[in-house]
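In case you want the letters, here they are:
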Amino acid sequence: MDCKLRAKNCGGCPLLGLDYAEQLKQKEATVKKLLGRFGPVEHIRGMETPYHYRNKVISTFTTGWGGKLTSGIYAANSHKVLPVESCLLQDEVLDKVMLAVRAAANACRYQPFNEDKGTGLLRHCLLRRGVATGQVMVVLVTAQPVLPGAKNFVKALLAEAEKRGVPVTTVVQNYNPRRTSVVLGEDEKVLYGKGFILDTLCGKTYALSPRSFYQVNPVQTAVLYGLAVDAAHLTGKEVVLDAYCGIGTIGLTASDKARQVVGVEVNRDAVRDAIDSGQVDYNVLIHLEKDETGRVAALESNMAAFNRLRSQIADEILRRLSEVSTSELSIPVGTLTGSTLLAGRGPCIRVRMQAVGSTDASLRNAFSAAGINQTRHQILPVSYTHLRAHETRGNLV
């Protein structure tokens, strides 16, 4: 199979002109050359249908014919954007969603960002699709902190997506003011939906946010993870270290066959997604000691896992507190006297208030009856949050 974009110097699929079996042969030879001296290299596992597998798309905005906004990928060895209508690698649903994004952006008369002049608004669009759930995320990366007519854009996008028969589950604006090739910035605003989508991989469900790492080929990821877990020969007694774990897909895939999984990740969004995914595994927090008859004799808490979870809960609460907006109140002077006769009367003092707080999180064990000779064990998160309003400014009006 060939692609018309190759003639335009796309550079995305340099082996596309070869038969797929020959592509696999060349890739296997390259891996053996790089890693063969360290150990045996097994035969490569190819896909049954090696097209339209990418569940993530990044498209860069540019000016197209007639001055209309369009988008695509950078041509090989350049910063020239090559407009893309469809791609043999990308999920076909995402191709249609991208067309809907462009139509909505043109309807709102948004201008592409010009990296040479530093002018314009739209830089990139990142799309994600949960292949198992069908949910779709749209992330609009802007060079300015404010997206003019954001509600109108969302309305237009949903209408354009409906025309093309594709879903849009959530829309997020990402603000990236830096002159960099890094696509996403640090600041985000949810414009529609919950700001994340769900997907299922190897029997586990994950919440995916704009910046969390997630494998782009779900079919081959399941094959790869299965081979990795089988190669580890887990017996249920081991501790698995998942370094650079992202949202924890590898470790959680192995969790059913391991005593404990420890994930290490510097990206806070990925850690938060792991918690939001509901993948806080009881078997990681608690180890059951059983007697020779198979009955539970004792519970052993994994204090390291307990402490990690406790700190993650406290970190998330503090993050939410920091997002509490500053409020402005107008209080009549008469109200401040404490007199019921003067309440609500007189000139107003405009007071600007800022919420200030602290929190302490803990995890508690709870046991309750669950039937004849049965006991239910629950791990309950408990947090104490102290919040007060702090006056930052006051004016008489």
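What counts as what
- Residues numbered from 1 in each chain as written.
- Predicted model: local features only at pLDDT ≥ 70, side-chain atom pairs only at ≥ 80, totals over all residues.
- Heavy atoms only, no water.
- Helix = DSSP H or I, 4+ residues; strand = E, 2+ residues; numbered from the N terminus.
- Buried < 20%, exposed > 50% of the residue type's maximum accessible area, 1.4 Å probe, protein only.
- Contact = heavy atoms within 4.5 Å.
- Areas by Shrake-Rupley, 256 points an atom, 1.4 Å probe, with all protein chains shown as cover.
- Lys, Arg positive; Asp, Glu negative; His and termini not counted.
- Salt bridge = Lys/Arg side-chain N within 4 Å of Asp/Glu carboxyl O.
- Polar contact = N/O pair within 3.5 Å; in protein donor to acceptor, adjacent residues only side chain to side chain.
- Pairing = 2+ DSSP bridges.
- Axes fitted to C-alpha atoms, helices over the stretch in contact; angles between N-to-C directions.
- Core = buried A, V, L, I, M, F, W, Y, C linked by side-chain atoms within 4.5 Å.
- Phe/Tyr/Trp six-rings, centres within 6.5 Å; stacked < 30°, edge-to-face > 60°.
- Expected span 1.5 Å × (residues − 1).
- Arc of directions from axis to C-beta.

Colleague: Could you give me a rundown of the overall build of the chain, with the residues and numbers involved?
Modeller: Within the chain, the regular secondary structure consists of nine helices and 16 strands. Expressed as a percentage of its 397 residues, the buried residues of the chain come to 35%. When contacts within the chain are restricted to residue pairs at least 6 apart in sequence, those whose partners lie at least 24 apart make up 56%. For the chain, the exposed surface amounts to about 23400 Å²; the carbon and sulfur share of it is 54%.

Colleague: Any details on the side chain of aspartate 95? Residues and values, ideally.
Modeller: Mapping aspartate 95 onto the fold places it in helix 2 (residues 92–107). Although buried, aspartate 95 forms no salt bridge, and the nearest oppositely charged side chain, arginine 102, lies 8.2 Å from it. A polar side-chain atom of aspartate 95 sits 3.3 Å from the main-chain amide nitrogen of cysteine 87. Excluding residues that lie within four positions of it along the chain, aspartate 95 makes contacts with Glu85, Ser86, Cys87 and Gln90.

Colleague: Tell me about the pattern of salt bridges, and please be specific about residues and values.
Modeller: All chains considered together, the criterion is met by 10 salt bridges. Close ionic contact of lysine 163 with glutamate 160 constitutes a salt bridge, the shortest N to O distance being 3.5 Å. In this pair, lysine 163 and glutamate 160 both sit in helix 3 (residues 150–163), three residues apart, roughly one turn of the helix. Residue classification places lysine 163 among the exposed positions, given a relative accessible area of 66%. In this structure, lysine 204 and aspartate 256 form a salt bridge, with 3.2 Å as the shortest nitrogen-oxygen distance. Placement of the pair is lysine 204 in strand 9 (residues 204–208) and aspartate 256 in the loop between helix 5 (249–254) and strand 11 (260–264), with a sequence separation of 52 residues. Each of Glu160, Lys163 and Arg164 takes part in a single network of salt bridges with overlapping partners.

Colleague: Now, about unusual backbone geometry: what can you tell me, with residues and values included?
Modeller: Look at asparagine 9: it is not a glycine, yet its phi comes out positive at around 70°. Looking at asparagine 9, the relative accessible area reads 43%, which means it is partly exposed. Look at asparagine 77: it is not a glycine, yet its phi comes out positive at around 55°. A residue is classified by how much of its surface remains accessible, and asparagine 77, at 84% relative accessible area, is exposed.

Colleague: So, the sheet that holds strand 2 (residues 69–74): which residues are in play, and what are the values?
Modeller: Read from one edge of the open sheet, seven strands run 3-2-1-4-5-6-7, paired in mixed fashion. With partners counted over all chains shown, the strands left at the sheet margins are strand 3 (81–83) and strand 7 (187–192), one partner each. Going across the sheet, the axis of each strand differs from the next one's by a mean of 35°, ignoring polarity. Strand direction decides the pairing type here: strand 4 (residues 122–129) and strand 5 (residues 136–142), joined by seven bridges, are antiparallel. Following the sheet pairing, leucine 127 is matched in strand 5 by valine 138. Most of the contacts of helix 2 go to strand 4, to which it runs at about 145°, and overall it touches strand 1 (56–63), strand 2, strand 4 and strand 5. Against the sheet, helix 3 touches strand 5, strand 6 (170–175) and strand 7, its axis set at about 55° to strand 7.

Colleague: Now, about the nonpolar core: what can you tell me, with residues and values included?
Modeller: Counting 29 residues, the largest nonpolar core has Val97, Val101, Leu122, Val138, Phe153 and Leu157 as the members making the most contacts within it. The set of elements that each furnish at least two residues to this core consists of strand 1, helix 2, strand 4, strand 5 and helix 3. Take this core: its biggest share by element is eight residues, from helix 2. Excluding anything up to four places from it in sequence, valine 101 contacts Phe61, Cys125, Val138, Leu140, Phe153 and Leu157. Counting 15 residues, the second-largest nonpolar core is a separate cluster that includes Leu126, Val172, Leu201 and Tyr206.

Colleague: Residues and numbers for the packing of aromatic side chains, please.
Modeller: Considering all chains together, one arrives at two aromatic pairs under this definition. Between tyrosine 110 and phenylalanine 153, the ring centres sit 5.9 Å apart and the planes meet at 45°, which makes this aromatic pair tilted. Of the two residues, tyrosine 110 sits in the loop between helix 2 and strand 4 while phenylalanine 153 sits in helix 3, which places them 43 residues apart along the sequence. Comparing tyrosine 110 with phenylalanine 153, the two get one shared label, buried. An angle of 50° between the planes, with centres 6.4 Å apart, marks the rings of tyrosine 206 and tyrosine 214 as tilted.

Colleague: Break down helix 2 for me, with residues and values.
Modeller: In this model helix 2 runs 23 Å from its N-terminal to its C-terminal C-alpha over 16 residues, within 8% of the 22 Å that 1.5 Å per residue would give. Residues Val93, Leu94, Asp95, Val97, Met98, Ala100, Val101, Arg102, Ala104 and Ala105 constitute the buried set of helix 2. Tucked inside the fold, the buried residues of helix 2 contact strand 1, strand 2, strand 4, strand 5 and helix 3. Structurally, the start of helix 2 carries an N-cap: the backbone nitrogen of valine 93 is 2.8 Å from a side-chain oxygen of aspartate 91. Of the residues one or two after helix 2, arginine 109 is the one with positive phi, at around 60°.

Colleague: Can you lay out the environment of histidine 287 for me, pointing to particular residues and giving the numbers?
Modeller: Its place among the elements puts histidine 287 in strand 12 (residues 286–290). The exposure class of histidine 287 is partly exposed, given its relative accessible area of 27%. For the pair histidine 287 and glutamine 260, spaced 27 residues apart in sequence, the C-alpha separation works out to 8.6 Å.

Colleague: Residue-level account of helix 1 (residues 20–35), with values.
Modeller: With 16 residues, helix 1 should reach 22 Å at 1.5 Å per residue; the first-to-last C-alpha distance of 22 Å fits that figure. Those residues of helix 1 lying buried are Gln23, Leu24 and Glu28. In an axial view of helix 1, the angular spread of the buried residues amounts to 130°, which keeps them on one side of the axis. Exposed side chains of helix 1 directed beyond 90 degrees from the buried face belong to Lys25 and Lys33. Between the side-chain oxygen at the start of helix 1 and the backbone nitrogen of alanine 21 there is a gap of 3.0 Å, and the oxygen is on aspartate 19.

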